[in-house]
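# Overview (structure and organization)
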Amino acid sequence: MNLPTVFDCCVPRGDVLTGTIAEADFTADLAKVIRGVASDDYQKPDRFFANTFPTQGLKNLLGNVLARLTGNPTAAAAIFRLDTRYGGGKTHGLIALTHAANGMKGVANVAEFVDPQIVPNAKIRIAAFDGENADPEVMLRLGKAS
């Protein structure tokens, strides 16, 4: 029995088929999303979620955090650890949370990812620390100042 190839099961996006997809399209950067300078595939919630598969892990993450933000009684603990290997989706999940906390504006398939009732419709302030872009010397100086 021959297993079907990925191309038998799905049709890649046009930029993949034509070879015009940019290497940067594969590099999720939370800091760029927070600053509003990421590529449209990451910056625009509708495009981000259109290109994202709603895994159970992502749905759990969004549901737990949004329930906490909106005061839902089903909320999980205030602090929990994202524990995956390199390439396991931590940054992708945090970008999804950023868009979800901002109301998932323009996302047509919200219910595929999270209960629409717990998506915030009020302004949520987001604080993020991105260790990838942190300057260790500045962090050391800040630690000595306190």
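Now for a quick tour of the structure. Every value quoted in this text rests on a predicted model; they were computed, and no experiment measured them.

## What to know about the overall build of the chain
When helices and strands are counted, the chain shows eight helices and zero strands. Reading the helices (α) and strands (β) of the chain from amino to carboxyl end gives α-α-α-α-α-α-α-α. Each of the three principal axes of the chain carries a C-alpha extent, and together these read 65 × 40 × 30 Å. For the chain, contacts bridging at least 24 residues in sequence account for 60% of all contacts bridging at least 6. Carbon together with sulfur atoms contributes 56% to the accessible area of the chain, which is approximately 10500 Å² in total. Of the charged side chains in the chain, 15 are positive and 15 negative, and the gap between their average positions amounts to 8 Å.

## Section: the packing of helix H6 (residues 56-69) against helix H7 (residues 90-101)
With their axes 10 Å apart at the nearest point, H6 and H7 run at an angle of 40 degrees to one another. Taken as axis vectors, H6 and H7 run oblique relative to one another. Once H6 is placed against H7, the crossing between them reads as right-handed. On H7, the residues that touch Leu58, Leu61, Leu62, Val65, Leu66 and Leu69 of H6 are Gly93, Ala96, Leu97, Ala100 and Ala101.

## A few points about the environment of phenylalanine 80
When you line up the elements, phenylalanine 80 lands in the loop between H6 and H7. Spatially, the C-alpha atoms of phenylalanine 80 and asparagine 133 are 22 Å apart, while their sequence positions differ by 53 residues. Discounting chain neighbours no more than four positions away, the residues touching phenylalanine 80 are Leu61, Asn64 and Val65.

Cut-offs applied
- Residues numbered from 1 in each chain as written.
- Predicted model: local features only at pLDDT ≥ 70, side-chain atom pairs only at ≥ 80, totals over all residues.
- Heavy atoms only, no water.
- Helix = DSSP H or I, 4+ residues; strand = E, 2+ residues; numbered from the N terminus.
- Contact = heavy atoms within 4.5 Å.
- Areas by Shrake-Rupley, 256 points an atom, 1.4 Å probe, with all protein chains shown as cover.
- Lys, Arg positive; Asp, Glu negative; His and termini not counted.
- Charge placed at Lys NZ, Arg CZ, Asp CG, Glu CD.
- Axes fitted to C-alpha atoms, helices over the stretch in contact; angles between N-to-C directions.
- Parallel < 35°, antiparallel > 145°, perpendicular 65-115°, else oblique.
- Left-handed = near helix turned anticlockwise from the far one by under 90°.

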